[in-house]
Amino acid sequence: MSRIIVASNRVTDIDKAVQSGGLAVALEDALQTGRGLWFGWDGTTVDDDAAAGIRLQQYNGIRTATVPLSRRDYEEYYLGFSNRALWPTFHYRLDLAVYEHAFLEGYRRVNQRLAQSLAALIEPDDLVWVHDYHLIPLGDELRKQGVKERMGFFLHIPFPSPDFFTAIPDHAWLAETLFSYDVVGFQTATDASNFVRYAVEIAGGEALDGDRVRAFGKTTIARAFPIGIDPDSVYEMAHTPEADAQMARLQRRSMANMFVLGVDRLDYTKGLPGRMRAFKRLLELHPELMKRVTMMQISPPTREEVEAYTDIRQELEGLSGSINGEFGDFDWTPVRYIHRAIPRATLTALFRASQVGLVTPLRDGMNLVAKEYIASQDPADPGVLVLSKFAGAAEDLVEAITVNPYDANEVAEALHTALTMPTEERRERYEALIQRVRTNNVTRWREAFLEALRSAPSGRAS
Ligand code: ADQ
């Protein structure tokens, strides 16, 4: 059986990473059973490039190979091109995108250097699986290093329509590098078709059968592989005696008996100010809900060195303060805003305790919180998912209440519908949704991608 080599921007401490979810959980089995290797940045920065050696370690049967970044690489490749240029552009926020020549150069340089380190670790017949927007050109750089093995790429965030993608300076170079992979995976059919549209309309290529697309003289497979979760482990975590105790504590300490819950990294793509405005609108339109419902928003900080992230933090603190000032009372706080990460077990207990899961990103590759919310519910008395139509998850989770996150009135009315929905309808929607979350689970995602890669026509995209 081939070894699997995973490359992602960040390789986290496996023990912690498995506890906190994310890619580590998704890939753990494949890396263990396939005698794999996980390669990437170790999360540290060093002053001197020359000191940046590769470090091999092993945890729980998973081998990792990590490198630090120099401070300059961190600023240009990570904070710069990845998070100030690609992240906003791919999420349709050209107003926040910063395209500096030095960022692009840093991005190329780091991908080239990572490829040099990784190439030496690749053995014949390995399958190489590269993840996310930080590493788009890694495969092309590996090909330049002579790697002929099968290589696949999965994009965790949206792939924008050509109008947006072409705003990136040197977009043709970036797009062409994707054709060095044998398989390019996207979260949704819309993302895959945006990529094909770019190839056909902008690069003058053609769409072929079997999801193949040809451009720049090369052919690759472009297909949607919607990412999922492990619903059984989420359900178990939400139904432990500790989770029961946490739910009881929440209900005892709060005057409100209904909760609307939002859980997202503090990111401008997640639609958090709009979500708070919609909750305010709910209280204006339906004053009978005062003192009966509380909105909890749990948002750990991320990327605090990027300005747009400090702005959103201030905006949210202002909004929650003003809603609480205007509507709150000595015995009721309408909005509880928590600005830190909390343990996964507590999160799942809160998902289960909340009548509504409010997931309203302005754009999101998939959104795993939507799936975790469904998986945590009590089947006899499930809560309702209110989901933005701009989350990748909306392509599949069609029994959620789907909303336009830009329309505060629509979201407020959806909240009202959710909070007053009869048990029978809640159960019907839940049954359909949990079936989808179970079917499109993380194992299926991983196996479908790896199967497509194993059966791709050739090791080297041609
Ligand atoms: P993210 O943008 O990080 O991921 P998401 O898919 O929702 O978004 O995953 C976030 C994860 O972090 C969830 O597992 C959630 O439970 C956890 N989390 C969030 N807030 C937390 C808190 N306060 N404390 C602890 N844990 C918290 C990117 C893309 C998504 C895509 C995923 C996976 O942006 O669109 O779904 O990758 O491909």
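Residues numbered from 1 in each chain as written. Predicted model: local features only at pLDDT ≥ 70, side-chain atom pairs only at ≥ 80, totals over all residues. Heavy atoms only, no water.

Draft legend 1. Seen up close, the domain arrangement of the protein. Each assigned domain of the protein is listed here: domain 1 (4-228 + 443-455) and domain 2 (231-439). The gap between the C-alpha centroids of domain 1 and domain 2 is 31 Å. On the side of domain 2, 21 residues touch domain 1, which itself brings 27 residues to the contact. Taking both partners together, domain 1 and domain 2 bury about 1,900 Å²; carbon and sulfur atoms supply 57% of that area. (Domains from an automatic or database assignment. Contact = heavy atoms within 4.5 Å. Buried area = accessible area lost by both parts, 1.4 Å probe.)

Draft legend 2. Looking closely at the sheet that holds strand β3 (residues 55-59). The strand order across the open sheet built from 10 strands is β3-β4-β2-β1-β5-β6-β7-β10-β9-β8, with neighbouring strands paired in mixed fashion. On the outer flanks of this sheet lie β3 and β8 (206-207), each paired with one strand and no other. The sheet contact formed by strand β1 (residues 4-10) and strand β2 (residues 37-46) spans 5 bridges and is parallel. Bridging across to β2, V6 finds its partner in W38. (Pairing = 2+ DSSP bridges. Helix = DSSP H or I, 4+ residues; strand = E, 2+ residues; numbered from the N terminus.)

Draft legend 3. Just empty space enclosed by the protein, in detail. Tallying each qualifying case throughout the model produces 1 cavity of 30 Å³ or more. The calculated volume of the largest cavity comes to roughly 60 Å³. Contributing to the lining of the largest cavity are I374, G383, V384, L385, E399, A400, I401, R426, R429, Y430 and L433. Mapped by element, the contributors of at least two residues to the lining of the largest cavity are β15 (384-388) and α16 (423-439). The element best represented in the lining of the largest cavity is α16, accounting for 4 residues. Taken together, the residues of the lining of the largest cavity break down into 7 nonpolar, 1 polar and 3 charged. (1 Å grid on protein atoms, 1.4 Å probe; cavity = no way out; pocket = protein on both sides within 12 Å on 5 of 7 lines; lining within 4 Å. Points joined across faces, edges and corners; volume = space filled by probe spheres on them. Nonpolar A, V, L, I, M, F, W, Y, C, P; charged D, E, K, R; others polar.)

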